[in-house]
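So you can see what is in the structure, the chains are spelled out below.
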Amino acid sequence: MTTALPLAVKEETNSGIWSWLTTVDHKKIGTMYGVSGVVFFIIAGFEALLIRTQLAVPNGTIIDADTYNQLFTMHALMMIFLGVMPMGAAFFNWLVPLMIGARDVAFPRLNAFSFWTFLSGALLLTSSWIFGDAPDVGWFAYAPLTEKAYTVGQAMDFYAVGLLLLGVASTVASLNFVVTIINMRAPGMSWFRMPVFVWMIFVVAWLLILSLPVLTIGLVQIYFDRNFDTNFFNPMGGGDPLLWQHLFWIFGHPEVYVLILPSMGIVSEVLPTFSRKPIFGYSAIVFAGLSIAVLGFAVWSHHMFTTGLGPVPSIVFSASTMAIGVPTGVKIFNWLATMWGGSIRFNSASMFSIGFLALFTIGGISGVMHASPPIDTQQQDTYFIVAHIHYVLFGGAVFGIFSGFYYWWPKFFGRFLDEKLGQIHFWLFFIGMNLTFFPMHFLGVQGMPRRIYRYDADLGWETWNIVATLGSYLLGVGMLVFLYAVWKAYKSEPDAPDNPWDAPTLEWATSSPPPEHDFDVVPVVEARDPLWYDRDNNITREKTKDEHIHLPPPSYYPLLISIGLLVGGIGMLTTLMISALGVLLVFYAIWGWVLEPTS
Amino acid sequence: MLSIMKRKTVFSFSAIIGIFLSACSSWQTDPQTTVNPKSDMAYLIQDVYVLVSWLALIVFVVIMFAIVYISWKFRERPGVEAQQFHGDTRLEIIWTLIPILIVVTIFIPTANAIPKMKSDPPANALQIDVVGKQWWFEFKYPELNITTANEIHIPVNTPVAFNLESTDVIHAFWIPQLGGKVDMVPGHSNKMWFTPTEARKEAYLGQCTEFCGTSHANMLFRVFVDEQDDFNQWVNDQQSVAIPAQSELAKQGEALLLNNVAFISENGSAVGCVTCHKIEGTTAMGMLAPNLTHIASRSTIAAGVFENNKENLIKWISNPSKMKPGVSERTGGMPMYENYLSEEQIESIVAYLMELQ
Amino acid sequence: MSEQAHSVTGIDSRKLLMWIFLASDCLFFGALISTYMIFKGNINNPPYPTDRIVNGEFFHGLLNIPLTSASTFVLLMSSVAMVLAVYGAQNNNLKMMKGWLISTIGLGIFFLLFQVYEFRHFLHEGLGISTNQFGASFYLMTGFHGVHVGIGVIILISLLFGTFRRNSLGPDTGFHIETAGLYWHFVDIVWIVIFTLVYLMPY
């Protein structure tokens, strides 16, 4: 039909490095997201351990001030953008098509492009360590500290360009999954039969689609301020530092829900399975998720209560922030009601989910506390907030993710993660987490500010700091246990049956691991929990394979475009001539992409 | 296994409560505590804080108990089947109303406190202009014509109004026991006021709480709340011009310090103490760095980080970046005078400074 | 060609993708326009967008409203041409489609050329991107809009070449042109907003 460019992939390969580089299979892409996510999670965790080691005693001398500032900045950036988000992406890449009964996402090549662009941005951002110029202004990067006058060197350019690339990746992935969820559902999979997890991903994708462009503009403005002498955020030239705060938090607050909602989705799948009963108040949970998303766009200024916000906006943003507590509360009650009357099996997956419930609740409660501006003026930028965000993001998001790992590992790889190791991992994480972060509430009440590399003795902060540091080491050990469990599973024989947990959702209808085409027969969905419906009505699903399963062929072009974008980004850090090269490469790859036969 | 798990859960649960209670007791006395208010504004905040904390504790206990109870009661047991039900509209409505009720209970006192917190200061308030700089605070009493740094005195039971600005990056002004924090945003001018209710000898500790660069951790300040008489005395002292050097060593130091061009710096410009510092009644008229007219009257140097004594002053002048990372001549900060002056010279300067009571 | 296997809603996935992308782009321009509006009252040094007297000295305004109205009209007309091109595609009228597609491209390029002229004129008058807040926010906002128009032109040219190569109107060609049309109209609407806010609203 058209002449393909010389680079077009001619043969399909299923193994080897090339199969990974050119894959458009949502499962392989999911695995790559997962592996990169876990790797960056470990690096970011290591940064956290260094931070805790420095703070164990007053006047710590292990790390100097500048390195410390780089560490806490990169810890946040890497955990959020390179750790938790891609681990969430691993789950939605793997699960959304399987859960809605599709053979792939709507745009498989675009999906590969998202991953490679994510990796490009991640490597660019991380490479700032290698050049000794990691961002050191906090992940929120408040102007004018980010202006050239105060941050010499290229740290902020790494930040801006890295996040721009990551933003492109997330936006494209989100577009892809929204379309997939709208258009690719199997016959009978109506909106209100979709698993809660899919709903939550739908919400997450919309949040990203509508919030990332705002961050993009902010990043472009930082970049222009630093490289083309504009004054968007520089008060000396008529700019306004608060403009950055608004742009950043209009993105930044929805981002918090981007991190937590996938885990809420995971918990909503794990709890019913191991309680042996359907989720309680399905539509309430879904609508609560939707209202959290909508409200999430109307609360950003609660990060700015101390900036001199007038009384009326303070009251309004306080009200909208507190309002989020309502759907969150509804969700927690519904999860509890899901467990009520059940026959709860305790294993690593369900324990992490129940852990999520407890820890996320604590984070939610402290969140409502500083929704009140008077209280916020005493808590903002203290360790109380550090405690709060870690209860939400570690106790919440990360516990949900690990619950998901233990739950879906047999589906993904056909092998179980060791149950005993899993429980050790859980207790190390649960105890370590509470030892690390609960005392931080106290430190906050005692007036210890965040982002300080040292503190004086005799302020009463010593005890809780040493406790927190010890707790963080437990978390490190817990992570080692998890890695050992992964290694053990990797070495073991694949022995997982199709549906080992007697779970209700469609992904358990196919083999473990699923074939490349996901389902031999595109499933027809009769009820909200299709496999339990089958079980209760003694239906056996047909196993004969469809004759004509058409899968998209692998392609180099997604990778090539991402490399082009990376080169473009490197150019933005060095000389714009290199950027031009990158743009040329992008054009070439798009050209090839368009002309590449997909059938 | 289950009973072990349950015991562990109960153990860690009660451990948390235990930790919580033992921690409560020390909060009141910690030097930088946020829960021992000593001004009208701090009390205003405290009232909301206490209410919300109790509610938070109740919700915490109820939900944690529910999680443990449900996990235990409905654990997998042979012969017990899970009950199959999907939802209950009445329950849904009830537990939508419960959080709404809690949130409204929190919101009403919040909305009540905000206008008071953000109200204009009374007309008789003592005005203090604060400028945040990397990494110290400059304080000016415009009505009293006093300029000082990192340490202020205010009279008890008199409203004090702060005008908060910054000349470089964003800082935040926070004295936990006297009120909530307010950011110092360059290009903006923020207000804050309170009436301190308790005079005491020890300082109320303050700290910058918006990350502001390398030495953010080293940006502290102290507020002394004095009885009115003590305050008047302090004002009197501060308003006087600097006394001439007394001792022989101090005289040498004075001459050295006031010598406008002490040396030529790395980048070729003429630099000396007086380029940046001001000492009222002398030729030192610099405006960029802390006013030294009464430096010896302050309890700390380097923005509240080190005790103000001879040893520390010598260390500071010799190599400030050793005491406070990020201070650099290249970015307009205090130079390393050990590169320009001999040990004896620095000692003589310190001798002079120590006389500036 | 198509990557979509099936569609639950009956809307082609690619068109859906375009719609949702445009929703995202709304926020992109929303942030740019907000920036412009915030700095509108905060232009402290010349050149100014409109005539202004500062300390008794008269400064001539930069904006040339009649001229930009003309270029705005050109862009509006390109949208009309786009509608006709889509109409041609839907009615399998290759000649009509090609003709109007070329017109759309031509009008789009004319608009871009005008923008280049305007930028050059402003630069000549002393308004650089770092001169004042008007320069920074104006160049960034209209520049990004220009980039959008430019990408639109490139897409339309590619589609035009596609029709030359095949010389027949497959179902996909018409579809592609329709989807590109969505994008084109969106970019056009954004310009109306920018034009109203920058040129028509009084300072």
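For the structure itself, consult the block above.
Structural notes, computed from the coordinates. Bear in mind that the values here come from a model prediction, so they are computed numbers and not experimental data.

Quick look at the pairing of strand β2 (residues 136–141) of chain B
Residues and elements named next belong to chain B. Within β2, five of the six residues are buried, which leaves the element mostly enclosed by the surrounding structure. Here strand β1 (residues 126–133) runs beside β2; their pairing, made up of five bridges, is antiparallel. If you follow Val131 over to β2, its bridge partner there is Glu138. In textbook terms, the turn of a hairpin is the stretch between consecutive antiparallel strands, and for β1 and β2 this stretch comprises two residues.

A look at the interface of chain C and chain A
The interface of chain C with chain A comprises 29 residues on the first partner and 30 residues on the second. Put simply, the parts of the chain that give the side of chain C that touches chain A at least two residues each are α1 (13–39) and α4 (133–166) of chain C. Considering only residue class, the side of chain C that touches chain A consists of 16 nonpolar, 11 polar and two charged.

Considerations on the packing of helix α2 (residues 26–55) of chain A against helix α4 (residues 108–130) of chain A
Residue and element names in this part refer to chain A. In the contact formed by α2 and α4, the axes pass within 10 Å of each other and the chain directions differ by 15°. It follows that α2 is roughly parallel to α4 by the angle criterion. Judged by the sense of rotation from one axis to the other, the crossing of α2 with α4 is left-handed. Counted together, His26, Ile29, Met32, Tyr33, Ser36 and Phe40 of α2 and Pro108, Asn111, Ala112, Phe115, Leu119 and Ala122 of α4 form the full contact between these two elements. Split into classes, the residues belonging to the contact of α2 with α4 amount to nine nonpolar, three polar and no charged.

Quick notes on the packing of helix α5 (residues 155–183) of chain A against helix α16 (residues 557–573) of chain A
Residues and elements named next belong to chain A. Relative orientation of the contacting elements α5 and α16 amounts to 160°, with a least axis distance of 9 Å. Judged on the interaxial angle alone, α16 and α5 are roughly antiparallel. Pair α5 / α16 crosses with right-handed handedness. Between α5, through Asp157, Phe158, Val161, Leu165 and Val168, and α16, the contact on the second element is made entirely by Leu565, Gly569, Met572 and Leu573. Considering only residue class, the contact of α5 with α16 consists of seven nonpolar, one polar and one charged.

Section: the nonpolar core
Residue and element names in this part refer to chain A. Core analysis: the largest hydrophobic core is formed by 358 residues, its most contacted members being Ile100, Val178, Val198 and Ile201. Take this core: its biggest share by element is 24 residues, from helix α3 (residues 65–100). When sequence neighbours within four positions are dropped, the list of residues in contact with Ile201 reads Phe92, Val96, Phe177, Pro262 and Gly265.

Remarks on the arrangement of the chains
Highest in contacts among the two pairs of chains that touch are chains A and B. With no contact formed, the shortest span from any C-alpha in chain B to any C-alpha in chain C equals 12 Å.

Calculation criteria
- Residues numbered from 1 in each chain as written.
- Chains lettered and ligands numbered in written order.
- Predicted model: local features only at pLDDT ≥ 70, side-chain atom pairs only at ≥ 80, totals over all residues.
- Buried ≥ 20, exposed ≤ 12 C-beta atoms within 10 Å, placed from the backbone.
- Helix = DSSP H or I, 4+ residues; strand = E, 2+ residues; numbered from the N terminus.
- Pairing = 2+ DSSP bridges.
- Contact = placed C-beta atoms within 7 Å.
- Nonpolar A, V, L, I, M, F, W, Y, C, P; charged D, E, K, R; others polar.
- Axes fitted to C-alpha atoms, helices over the stretch in contact; angles between N-to-C directions.
- Parallel < 35°, antiparallel > 145°, perpendicular 65-115°, else oblique.
- Left-handed = near helix turned anticlockwise from the far one by under 90°.
- Core = buried A, V, L, I, M, F, W, Y, C linked by C-beta atoms within 7 Å.

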